[in-house]
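Listed below are the residues making up each chain.
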Amino acid sequence: MLPDENKGPIRQLCERVLSARQDAANIEGIPDPLVEEVIREIEFDVKSLDEIDRKLALKPSHSRGEFYDFFSLMDMLLSGSPACHQLMGRIWAHVYDSCSAEERITLLSGFNTDGDFFNQFHVLPSIVEHGEFTGEVLSDWLIEVGKTLGNDLASAPLWNALSIMAEKRPGLSVETLRLWIGGDLASQTISMAAHLLAALRFGSVQGVTEIDLSLKSSDSRNHRKTYYRSHQASDQLATLPGNDYRNLIEEMSGDSEEMDLECLHFIQATICNDKRCDNTFRIAIQWVIDNTHDSPSVLWGDTVPRLAFSTLQRSKTLGIEPLYKLVPKTLPIPESHSGTRRALDKLLVEIFGVNKTDFMSLMFSISERDSFTLNKLFDPHSHGYMQSAVSRSNVSQLISDCFSQRSNSARRVGIKFFQRSDIQELTPPAGTLWSEEQIASIIVQLSVESLYDETPARILVALEPYVRDSNSDDLKNLYKEHLIFHSKNFPGACLRYLREKSKKLKSRLIRQAMLDVESYLDQLTECSGSAINSARIAGLRRASQLLSNRRSREIQSASEGENSLVSLLTSKSYLLYGGGEWQMYYGGAFGEIAQTQEFSTSMEFPRMPMIDPDGYGEWRMTCGRMLRYFDRKADQNEF
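Residues numbered from 1 in each chain as written. Predicted model: local features only at pLDDT ≥ 70, side-chain atom pairs only at ≥ 80, totals over all residues. Heavy atoms only, no water.

Q: Quick question: what am I supposed to make of the overall build of the chain here?
A: When helices and strands are counted, the chain shows 34 helices and four strands. Relative to its 639 residues, the chain shows a buried fraction of 46%. Of all intrachain contacts in the chain linking residues separated by at least 6 positions in sequence, the fraction that spans at least 24 positions is 69%. For the chain, the accessible surface area stands at approximately 34100 Å², while carbon and sulfur atoms represent 50% of it. (Helix = DSSP H or I, 4+ residues; strand = E, 2+ residues; numbered from the N terminus. Buried < 20%, exposed > 50% of the residue type's maximum accessible area, 1.4 Å probe, protein only. Contact = heavy atoms within 4.5 Å. Areas by Shrake-Rupley, 256 points an atom, 1.4 Å probe, with all protein chains shown as cover.)

In structure tokens, the structure reads:
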């Protein structure tokens, strides 16, 4: 064999690919310089593509899967570099051009279904640049490609392909665009047509002005959407002048709720352009403020927190009203919209560093209108931005301000902040004193919140000095009553914490409550061994075991049947356990021995709803009535 330096780049490429096909376990990568040399040779002599086709036997009519397997193999050999995708696209287009009409259909249909998804779509720009497509074929095929991609993050090659079409093949692009506009414009097709129109407009292609006018004046809402979205894409290429930007907003809005939403998305996509002038920025922000009504659509509600976050700093610099004040109108956030909650999480952290008053006002609104989102913001398992902000900052003043409010929603926010901080003491805001009604409200609020850790006990201990110094026996009795309730409800978290604190603080109130709790638990232990609790239903345990065995035999018999669907879809395999090891037995052979790893987890559920559900429900109703009573009394005292 000739040494590599004496072989042409095409020959070297083909030999390496053929070798990799035969010995997949020993694949030698192809360096980028060789790929670039192959591309240059193809540019110099297009017939060299015939040599690649002939040596590698790239015939889609044999097996379209085999053809697309080639692309996966090439990507492995070429490490997925841009040069690799360019070369693969040239080969793909050449094979397409040399196929019969029937084979072309096979090749196009396989693009969306065969081989490696990401590898194929990365070669799309090179394919549309070099393939001998007609506008009719290309328009239908790109629509199918768009449907396959959907909103996947891998859709960038599609938009790059449209931009390259407009630049390299403007005539074919205009023909494709006209076919799209003349057909049924679905949501994905509207965006594709808008992107292609924007790229053609930027290149000053003949015929685009006519298309612009027809879309703008059309009675079809989808045509007008295409026109407006094309300017959204154009703004990324060249910033629209202020007058044009303002006119587009005015034209889009007011027609319908659907077009108002289109305008909102247009603003979201274009407002953060660094070249956008201050005047148009103000106009866009004011439009969003004027058109965000109470209880907007779900899509509108999803957009506002993101837009508020992206415009916050510039709004502050220009001294205009920030969009985050619109967030309460968009609540509650649907439980499945986790992305919107993450955007709100980031927004809250930014506001926290800019304006504490507005931050607390927004938190109170979230607490009042969307308790699910409030819990998620402070969920220790979410690893959100709020978690980091709370742990880094001294939030004692915020907690005091929350507990000084006369609303359940404000106190709920204070409890959440306390839960996620390491604060051990509570201090009223400077220059004020907490009344007995305020302290009682905080105590009772703990019993109506869903807390599954030692937070109620921590807050009660922090309130102990204020209760101890009070002259009200009713407040002290209320305090002891709630200490006992939380100790019974969470004997793992709250009781353990209170036991430790009762030894360290030497508090008479806590010590008395602990004595009552210990007496209750002792009596409960005695009751567990009583005759009524030891009674068993004759034969129940044996009947349960027999039923379980019978079901196991039925499942095993069904799975082993010759016509069983389970046996057709799965293969038999067994896990063998012994000591600290496990091993798979599959296909008549043992797999490798692996070590088992120890792990443990624990979670405490509230006990009172299970032990005494009626009593627990009555307790919560009583706490709710007490909160309303204390708040009314506090209003009368005007503390």
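Q: Explain the nonpolar core here, please?
A: Note that soluble globular proteins tend to have their nonpolar side chains buried in a common cluster. Counting residues in hydrophobic clusters, the biggest one holds 170 residues, and the most contacted among them are Trp92, Phe111, Trp141, Leu142, Ile267, Phe359 and Phe417. Here the element with the most residues in this core is helix α5 (residues 82–98); it accounts for eight residues. Here Trp141 is in contact with Trp92, Leu108, Phe111, Leu124, Ile127, Val128 and Phe133, once residues within four sequence places are set aside. (Core = buried A, V, L, I, M, F, W, Y, C linked by side-chain atoms within 4.5 Å.)

Q: How should the packing of aromatic side chains be read in this particular structure?
A: The description of an aromatic ring pair rests on the distance of the ring centres and on the angle between the ring planes. A full pass over the atoms with the stated rule returns 15 aromatic pairs. Here the aromatic cluster, defined as three or more aromatic residues joined through ring pairs, consists of Trp92, Tyr96, Phe133 and Trp141. Taking the ring centre of Phe352 as reference, the NZ or CZ of Lys356 above it sits at 4.5 Å. Between the NZ or CZ atom of Lys488 and the centre of the ring of Tyr520, over which it lies, the distance is 4.1 Å. (Phe/Tyr/Trp six-rings, centres within 6.5 Å; stacked < 30°, edge-to-face > 60°. Lys NZ or Arg CZ within 6 Å of the ring centre and 35° of its normal.)

Q: Looking at this model, I keep getting lost on unusual backbone geometry. Mind explaining?
A: Excluding glycine, residues mostly have negative phi values, and the peptide bonds linking residues are mostly trans. A cis amide bond, omega 0°, links Leu331 with the succeeding residue Pro332. Note on placement: Pro332 falls in the loop between α18 (298–318) and α19 (338–354). A positive phi angle, close to 55°, is found at Ser295, a residue other than glycine. Its location among the elements puts Ser295 in the loop between α17 (278–291) and α18. Its identity as a non-glycine residue notwithstanding, Lys506 has a phi of 55°, on the positive side. Lys506 gets classed as exposed once you look at its relative accessible area, which sits at 62%.

Q: Explanation requested: the packing of helix α27 (residues 473–489) against helix α29 (residues 508–528) in the structure shown.
A: In helix packing, the relevant descriptors are the interaxial angle and the interaxial distance, both defined with respect to the helix axes. At a minimum axis separation of 9 Å, α27 and α29 run at an interaxial angle of 45°. Our classification of the angle between α27 and α29 gives oblique. Our pair here, α27 against α29, has a crossing hand that is right-handed. On α29, the residues touching Lys476, Tyr479, Lys480, Leu483, Ile484, Ser487 and Lys488 of α27 are Leu509, Ile510, Gln512, Ala513, Met514, Asp516, Val517 and Tyr520. Class assignment for the residues of the contact of α27 with α29 results in nine nonpolar, two polar and four charged. (Axes fitted to C-alpha atoms, helices over the stretch in contact; angles between N-to-C directions. Parallel < 35°, antiparallel > 145°, perpendicular 65-115°, else oblique. Left-handed = near helix turned anticlockwise from the far one by under 90°. Nonpolar A, V, L, I, M, F, W, Y, C, P; charged D, E, K, R; others polar.)

Q: Help me out: how do you make sense of the pattern of salt bridges in this one?
A: One side chain can pair with another of opposite charge once the charged atoms of both are near each other. The final tally for this structure, using the stated rule, is 15 salt bridges. Here Glu144 makes a salt bridge to Lys147, at a shortest N to O gap of 3.7 Å. A residue pair is termed a helical-turn pair when its members lie 3 or 4 positions apart in one helix, as Glu144 and Lys147 do in helix α9 (residues 135–149) at three residues. The class of Glu144 is partly exposed, set by a relative accessible area of 38%. The shortest N-O distance in the salt bridge between Arg468 and Asp469 comes to 3.9 Å. We classify Arg468 as partly exposed; its relative accessible area is 44%. We classify Asp469 as exposed; its relative accessible area is 58%. Each of Arg221, Lys225 and Glu258 takes part in salt bridges that share partners, so that together they form one network. (Salt bridge = Lys/Arg side-chain N within 4 Å of Asp/Glu carboxyl O.)

Q: Can you walk me through the environment of Leu149 in this structure?
A: Positionally, Leu149 belongs in helix α9. Leu149 gets classed as buried once you look at its relative accessible area, which sits at 4%. C-alpha of Leu149 to C-alpha of Gln188: the two residues are 39 residues apart in sequence and 9.7 Å apart in space.

Q: Sorry if this is basic, but what is going on with the packing of helix α28 (residues 494–505) against α29 here?
A: Running from N to C, α28 and α29 cross one another at 135°; their axes reach a closest spacing of 10 Å. Relative to α29, α28 is oriented oblique. The handedness of the crossing between α28 and α29 comes out as left-handed. Within the contact between the two elements, α28 uses Leu495, Leu498, Arg499, Ser502 and Leu505 and α29 uses Ile510, Met514, Val517, Glu518 and Leu521.

Q: What is the right way to read a nonpolar patch on the surface from this model?
A: Together, Met603, Phe605 and Met610 line one region of the surface with nonpolar side chains, adding up to about 390 Å² of accessible area. For Met603, a relative accessible area of 61% gives the class exposed. (Patch = residues over 30% accessible without salt bridge, like charges linked within 9 Å, V, L, I, M, F, W, Y side chains within 5 Å.)

Q: Which parts of the structure should I look at to understand the confidence of the model for the chain?
A: Where the model shows low pLDDT, its predicted coordinates should not be examined in detail. Across the chain, the average pLDDT comes to 82, with 86% of residues at 70 or higher. This model gives residues 565–570 a pLDDT under 50, and the stretch forms five contacts once residues within four places in sequence are excluded. (pLDDT = per-residue confidence, 0-100.)

Q: What exactly am I supposed to notice about the environment of Ser487 here?
A: Note on placement: Ser487 falls in helix α27. Taking the C-alpha atoms as reference points, Ser487 and Glu454, separated by 33 residues in sequence, lie 9.6 Å from one another. Those residues within four positions of Ser487 in sequence are excluded, and the remaining contacts are Leu495, Leu498, Met514 and Val517. At 2.8 Å, the side chain of Ser487 and the backbone oxygen of Leu483 are in polar contact. (Polar contact = N/O pair within 3.5 Å; in protein donor to acceptor, adjacent residues only side chain to side chain.)

Q: Which parts of the structure should I look at to understand α17?
A: Helical geometry: 3.6 residues make up each α-helical turn, so side chains three or four residues apart lie on a common side. Look at α17: 20 Å from first C-alpha to last across 14 residues, which is about the 20 Å you get at 1.5 Å a residue. Among the structural elements, α15 (242–252), α16 (257–270) and α18 are those in contact with the buried residues of α17. (Expected span 1.5 Å × (residues − 1).)

Q: Could you clarify how one ought to interpret helix α24 (residues 408–419) in this entry?
A: Over its 12 residues, α24 runs 16 Å from end to end, which matches the ideal 16 Å to within 8%, given 1.5 Å per residue. The buried count for α24 comes to 11 of 12 residues, which makes it a mostly enclosed element.

Q: When you look at the side chain of Thr189 in this model, what are you seeing that I'm missing?
A: Along the chain, Thr189 falls in helix α12 (residues 187–202). Under the relative-accessibility criterion, Thr189 is labelled buried at 5%. Excluding residues within four positions of it along the chain, Thr189 makes contact with Ile143 and Trp180.

Q: Looking at this structure, how should I read the side chain of Ser218?
A: Topologically, Ser218 is positioned in the loop between α13 (208–216) and α14 (221–237). Within the local environment of Ser218, its side chain forms a polar contact with the side chain of His223, the two groups lying 2.9 Å apart. Those residues in contact with Ser218, other than ones at most four positions away along the chain, are His223 and Arg224.

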